[in-house]
Amino acid sequence: MEMTVMRNVTLTVLRQVQRFGLVSKEKEREIAALWTQRMRLKGQIEGPVSILSGGNQQKVVLAKWLATHPKLLIVDEPTRGVDVGAKSEVHRTLSHLAKEGMAIIMISSELPEVIGMADRVLVMHEGKLTAELARSEVTEEAIMFAATGQTPSKSVH
Amino acid sequence: MTEEFKSPYDKQGWLNVLMRSREASLVLLIVALTVLTTALNPRFLSPQSLKDLMLNVSIIALLVLGQTVIILMRQIDLSISSIVGITAFFSGTLFVNHPAIPSVVVVLLAVLAGLLLGAVNAALIAWGKIPSLITTLGTLYIFRGANYAWVHGRQVNAVNVPGSFLAIGTSTFAGIPILTWIVLILLVVFSIGLRQYRAGREFYAIGSNLNAAVLAGINVSRLLATGFIISGAIAGLAGALWLARFGTVDATAAEGIELTVITSTVVGGVAITGGVGTVVGAVLGALLLSVFSSTLVFLRVPSFWQQAFQGAMLLLAIAVDAYLAYRHALRSRVKWSRV
């Protein structure tokens, strides 16, 4: 938390910014600038992350992992504790990434977020997978039934 | 559109920047103390007293370098005093048994010995997963006990040590003692290493947030081990230099120095919780404590107050840190409410 935004973002890709163990400042700045811009991160990259708002801190974390160019990104409660404005920005970014071809597994306990974002919803209850719903089948009741361990009644609509 | 929101950093005047820079405030304090003491007793700035000051600081500053790496990782190394004690006696014994041995070889062997002792810590902490506080507390006593057993009441005297080696501890180059030059060069090496090298970054990361570091793919065990081996090697070097400086070494050499080293490091801005601080700051912390001790001597303060003052200095440093962090958090929260 005490590190700068720049250092945080490049922490995961230190191997790429280094040569013989020495970190190249230009490369570091380049990568940090690129990803903070993509995430629409406000504030200087040279400042410490501790002064950023929760939403912006979350963006730094996302930027940190996106910098590794993953094929699969797993996010666990990506917008918990994040203010509404930043929430929608995080969602927008995730959708955009999915559109570009990145596979994303989002773990969330917020129904609106799940319903709004997912192409496919997997529901778990007590450690077991209880439902796999395609976008067209997704309703609040269907999810809640599966989450509480019951099966959705198909006749109720 | 991305608006470039100016972070609170831009709006600060130079005074605030100064206050936020631990290194700068340390320099200020040192200068202030020096001015104060010289005003009360002009002999403070005489070449002899300055040389004494530099010699006194040097060995502690050297140990501070190693300890900084450790504390940055949120660990602690209490065993350094025992390692210094053993390697000091070891160096002396080498000279006693092999009078013709070159000084360089002795220094290298001392570093190697320290390295091996540090490796014991490394093994227990990195692989045994025993907390460093417990481990190094244990090795502090084990190594010292072994030292007592080995020394067996004897001591190495200055007559046993070749003049050329003792000269390292007393002669100067361009007005600065050789001992201090050695420490200054290592300071530069460590400073660059911690700031510009990947491993240096990773030390900070481990101390700042261990889980995040693990998730980011950092090899924590390897870095922990490396840190303690470095600390041991530094202590080994300090042992050889101890012999050069004092000439006489018995079983109690360097006893208790670990507390001064840790106090200096924390006063120098290296937070005990890890992840924050620089070696430059830490060495300045050591200098501050030394200057402060000298000041007390020059002001004829009874020497048993020295320890009390050192402790007070440490608590003051931590209190100032806490207060500044609180103010900083307050300020940032207020600014962000407008966003």
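For every chain, the first residue of the written sequence is number 1, and numbering continues from 1 onward in sequence order. Starting at A for chains and at 1 for ligands, labels are handed out in the order in which the entities are written. This being a predicted model, a pLDDT of at least 70 is required before a residue's local features are given, and a value of 80 or more before pairs of side-chain atoms are given or counted; all residues contribute to the totals for chains, interfaces and linings.

(A) Structural context of the overall build of chain A. A run of DSSP states H or I qualifies as a helix once it reaches four residues; a run of E qualifies as a strand once it reaches two. Both are numbered from the N-terminal end. Per the secondary structure count, chain A includes seven helices and six strands. Its helices and strands taken in sequence order, chain A reads α-α-β-β-α-α-β-α-β-α-β-β-α from the N to the C terminus. Projected onto its principal axes, the C-alpha positions of chain A cover 65 × 30 × 30 Å.

(B) A look at the overall build of chain B. Each helix and strand in chain B was counted, giving 14 helices and two strands. For a compact globule of 339 residues, the expected C-alpha radius of gyration is about 20 Å, and chain B comes in at 21 Å, within 12% of that figure. Counting other C-beta atoms within 10 Å of its own, a residue is labelled buried from 20 upward, exposed at 12 or fewer, and partly exposed in the gap between, with every C-beta atom placed from the backbone. Among the 339 residues that make up chain B, the fraction classed as buried is 42%. Here, residues touch in the contact sense if the C-beta positions derived from the backbone fall within 7 Å of one another. Put simply, of all contacts in chain B between residues at least 6 apart along the chain, 77% involve residues at least 24 apart. The globule rule used here is 2.2 Å times the number of residues to the 0.38 power, and the radius of gyration it is set against is calculated over C-alpha atoms.

(C) Representation of the nonpolar core within the structure. Residues B:Leu62, B:Leu63, B:Val84, B:Leu237, B:Ala238 and B:Trp242 are the most contacted members of the largest nonpolar core, which totals 114 residues. Every residue in contact with B:Leu237, bar those within four places of it in the chain, is listed here: B:Leu62, B:Val107, B:Ala110, B:Val111 and B:Gly114. To count as a nonpolar core, a set of buried Ala, Val, Leu, Ile, Met, Phe, Trp, Tyr and Cys residues must be joined through C-beta atoms within 7 Å.

(D) Representation of the environment of B:Thr170. When you line up the elements, B:Thr170 lands in helix H7 (residues 163-170). Classification of B:Thr170 as partly exposed rests on a count of 15 C-beta atoms within 10 Å.

(E) A look at the environment of A:Val75. Residue and element names in this part refer to chain A. Mapped onto the elements of the fold, Val75 is located in strand E3 (residues 72-76). Taking the number of C-beta atoms within 10 Å as the measure of exposure, Val75 has 17 and is therefore partly exposed. Taking the C-alpha atoms as reference points, Val75 and Asn8, separated by 67 residues in sequence, lie 17 Å from one another. Residues within four places of Val75 in sequence aside, it is in contact with Ile104, Met106 and Ile107.

(F) Structural view of the confidence of the model for chain B. Residue and element names in this part refer to chain B. Here chain B averages 86 in pLDDT, and 90% of its residues register 70 or above. Long-range and interchain partners of residues 1-12, a stretch whose pLDDT sits below 50, account for 17 contacts in this model, where long-range means more than four residues apart. Across residues 334-339, where pLDDT falls below 50, the model places three contacts with residues more than four positions away in sequence or in other chains. Scoring of the predicted complex yields 0.82 for pTM and 0.73 for ipTM. For every residue, the pLDDT score states the predictor's confidence, bounded by 0 at the bottom and 100 at the top.

(G) Structural view of the packing of helix H5 (residues 103-127) of chain B against helix H11 (residues 220-246) of chain B. Residues and elements named next belong to chain B. Contact geometry of H5 with H11 gives a least axis separation of 6 Å together with a crossing angle of 150°. Between H5 and H11, the interaxial angle falls into the category roughly antiparallel. Crossing hand, H5 versus H11: right-handed. Basically, the charged four are Asp, Glu, Lys and Arg, the nonpolar ten are Ala, Val, Leu, Ile, Met, Phe, Trp, Tyr, Cys and Pro, and anything else, Gly included, counts as polar. Taken together, the residues of the contact of H5 with H11 sort by class into 21 nonpolar, eight polar and no charged. Comment: axis = line fitted to C-alpha atoms, over the contacting stretch for helices; angle = value between 0 and 180 degrees taken between N-to-C directions. Roughly parallel covers angles under 35 degrees, roughly antiparallel covers those over 145, roughly perpendicular covers 65 to 115, and oblique covers all other angles. Each crossing is labelled by how the near helix is turned from the far one, with a counterclockwise turn of less than a right angle marking it left-handed and a clockwise turn marking it right-handed.

(H) Focus on unusual backbone geometry. All names here are of chain B. The backbone of Ala174 sits at a positive phi, close to 55°, despite the residue not being glycine. Topologically, Ala174 is positioned in the loop between strand E1 (172-173) and strand E2 (176-177). Residue classification places Ala174 among the exposed residues on the basis of 5 C-beta atoms within 10 Å. If you check the backbone angles, Ala254 has positive phi at about 70° while not being a glycine. When you line up the elements, Ala254 lands in the loop between H11 and helix H12 (257-267).

(I) Molecular detail of the environment of B:Val320. Inspection of the secondary structure assignment puts B:Val320 in helix H14 (residues 304-336). Here the alpha-carbon distance between B:Val320 and B:Ile230, two residues 90 residues apart in the chain, equals 30 Å.

(J) Seen up close, H12(B). All names here are of chain B. Among the eleven residues of H12, nine are classified as buried, and the element is accordingly described as predominantly covered. Along H12, the residues that are buried comprise Ile257, Glu258, Val261, Ile262, Thr263, Ser264, Thr265, Val266 and Val267. Gly269, located one to two residues past H12, shows a positive phi value of around 100°.

(K) Expanded view of the pairing of strand E4 (residues 103-107) of chain A. Residue and element names in this part refer to chain A. When you tally the buried positions in E4, you get zero out of five residues, a small fraction of the element. Two strands pair if DSSP finds at least two bridges between them. Where E3 meets E4, five bridges bridge the pair, whose relative direction is parallel. Pairing of Leu72 across the sheet is with Ala103, part of E4.

(L) Structural detail: the pairing of E3(A). The element E3(A) is largely exposed, with a buried count of zero among its five residues. For the segment spanning E3(A), helix H5 (residues 84-99) of chain A and E4(A), crossover handedness is right-handed. When the strands point away from the viewer and the path from the first strand over the helix to the second turns clockwise, the crossover is right-handed.

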